[in-house]
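Report on the structure
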Amino acid sequence: MKTKLFASLIAAIMFVGITANAQQKIGYTNVDYILNNLPDAKDIETKLKTEKAQYDKLLQDKVADFQKKYEDYQKNAATMSPVIKADREKELQNQNNAIQEFQQNSEGALQQKQQQLLAPVLDKIDKTIKDVAKENGYIYVFNTDAGPGTTPILLVAPDADNISDLVFKKLGVTPPAKAAATTTAPATTPAAKKN
């Protein structure tokens, strides 16, 4: 008797749980897609391209100076005394190391700048997605993209639960054309990939 009562109780609890789950709305969007279609992303991309161009110009100048000194060294090495030759070789090695260090530092600085510029925009997108979900009764919202080179998280979902256009509207941006919105291919962040 107790077993039947216990089994009935479990079945009732499961039925209530299934019924409650059936009423929950689940939505999805693609954060990279939204980011890449915001005017803020284009501003960030422009700022990063400008800064990268400055680094590239300085790097090219450093490399050109190194090549000039290296060619001069090769041309005159046979007539140099051992002390002068060793000094020039050390100077060239130091200059080469400085070029490599500058290149690494500039790449790191660009990545840091990108993260610094993207952080407030990504925070704004995150807040807007949460606001849209709350306003429209979505209990869960998934990001369809797990990152570049990965399989999307949602493989099949009804178009009616794609909240991307609602997010764009809440951000005050006209949603892109529908053909682009249904693309499930991973998008990339401006200038470099995020994280």
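Values in this document were obtained by computation on a predicted structure and should not be read as measured data.

1. Looking at the overall build of the chain
The number of helices and strands found in the chain is six helices and two strands. Along the chain, from the amino end to the carboxyl end, the secondary structure elements read α-β-α-α-α-β-α-α. By the burial criterion, 26% of the 195 residues in the chain qualify as buried. Considering only contacts within the chain whose residues lie at least 6 apart along the sequence, 82% involve residues at least 24 apart. Roughly 13,500 Å² of accessible area belongs to the chain as shown, and the carbon and sulfur atoms make up 57% of that amount.

2. Observations regarding the packing of aromatic side chains
Following the criterion strictly, the structure yields four aromatic pairs and no others. With 6.2 Å between their ring centres and 75° between their planes, tyrosine 55 and phenylalanine 102 make a pair best called edge-to-face. Remark: phenylalanine 102 occurs in helix H4 (residues 82-135) and tyrosine 55 occurs in helix H3 (residues 39-76); sequence separation between them is 47 residues. The exposure class of phenylalanine 102 is buried, given its relative accessible area of 17%. Taken together, the aromatic side chains of Phe66, Tyr70 and Tyr73 make up a single cluster linked through ring pairs. Lying across the ring of tyrosine 138, lysine 25 places its NZ or CZ 4.5 Å from the centre. The aromatic ring of phenylalanine 102 is capped on one face by lysine 62, whose charged end is 5.4 Å from the ring centroid.

3. As for the packing of H3 against H4
When two helices pack together, their arrangement is given by the angle between their axes and by how far apart the axes lie. Relative orientation of the contacting elements H3 and H4 amounts to 180°, with a least axis distance of 10 Å. Judged by the angle between their axes, H3 and H4 are roughly antiparallel. The class makeup of the residues in the contact of H3 with H4 is 17 nonpolar, five polar and 14 charged.

4. Examining a nonpolar patch on the surface
Side chains of Ile26, Ile139, Tyr140, Phe142 and Ile153 sit close together on the surface and give an oily, nonpolar patch of about 470 Å² of accessible area. With three residues, strand E2 (residues 138-143) is the largest single contributor of residues to the nonpolar patch. Relative to the elements of secondary structure, isoleucine 26 occurs in strand E1 (residues 25-29).

5. Focus on the nonpolar core
Counting residues in each nonpolar core, the largest one holds 22 residues, and the members touching the most others are Ile34, Leu38, Ile125, Val167 and Leu171. The set of elements that each furnish at least two residues to this core consists of helix H2 (31-36), H3, H4 and helix H5 (164-170). Here this core gets eight residues from one element, more than from any other, and that element is H4. Once residues within four sequence positions are removed from consideration, leucine 171 is found in contact with Ile34, Leu38, Lys124, Ile125 and Thr128. By size, the runner-up hydrophobic cluster in this structure holds eight residues, among which are Phe66, Tyr73, Ala77 and Ile99.

How each quantity is defined
- Residues numbered from 1 in each chain as written.
- Predicted model: local features only at pLDDT ≥ 70, side-chain atom pairs only at ≥ 80, totals over all residues.
- Heavy atoms only, no water.
- Helix = DSSP H or I, 4+ residues; strand = E, 2+ residues; numbered from the N terminus.
- Buried < 20%, exposed > 50% of the residue type's maximum accessible area, 1.4 Å probe, protein only.
- Contact = heavy atoms within 4.5 Å.
- Areas by Shrake-Rupley, 256 points an atom, 1.4 Å probe, with all protein chains shown as cover.
- Phe/Tyr/Trp six-rings, centres within 6.5 Å; stacked < 30°, edge-to-face > 60°.
- Lys NZ or Arg CZ within 6 Å of the ring centre and 35° of its normal.
- Axes fitted to C-alpha atoms, helices over the stretch in contact; angles between N-to-C directions.
- Parallel < 35°, antiparallel > 145°, perpendicular 65-115°, else oblique.
- Nonpolar A, V, L, I, M, F, W, Y, C, P; charged D, E, K, R; others polar.
- Patch = residues over 30% accessible without salt bridge, like charges linked within 9 Å, V, L, I, M, F, W, Y side chains within 5 Å.
- Salt bridge = Lys/Arg side-chain N within 4 Å of Asp/Glu carboxyl O.
- Core = buried A, V, L, I, M, F, W, Y, C linked by side-chain atoms within 4.5 Å.

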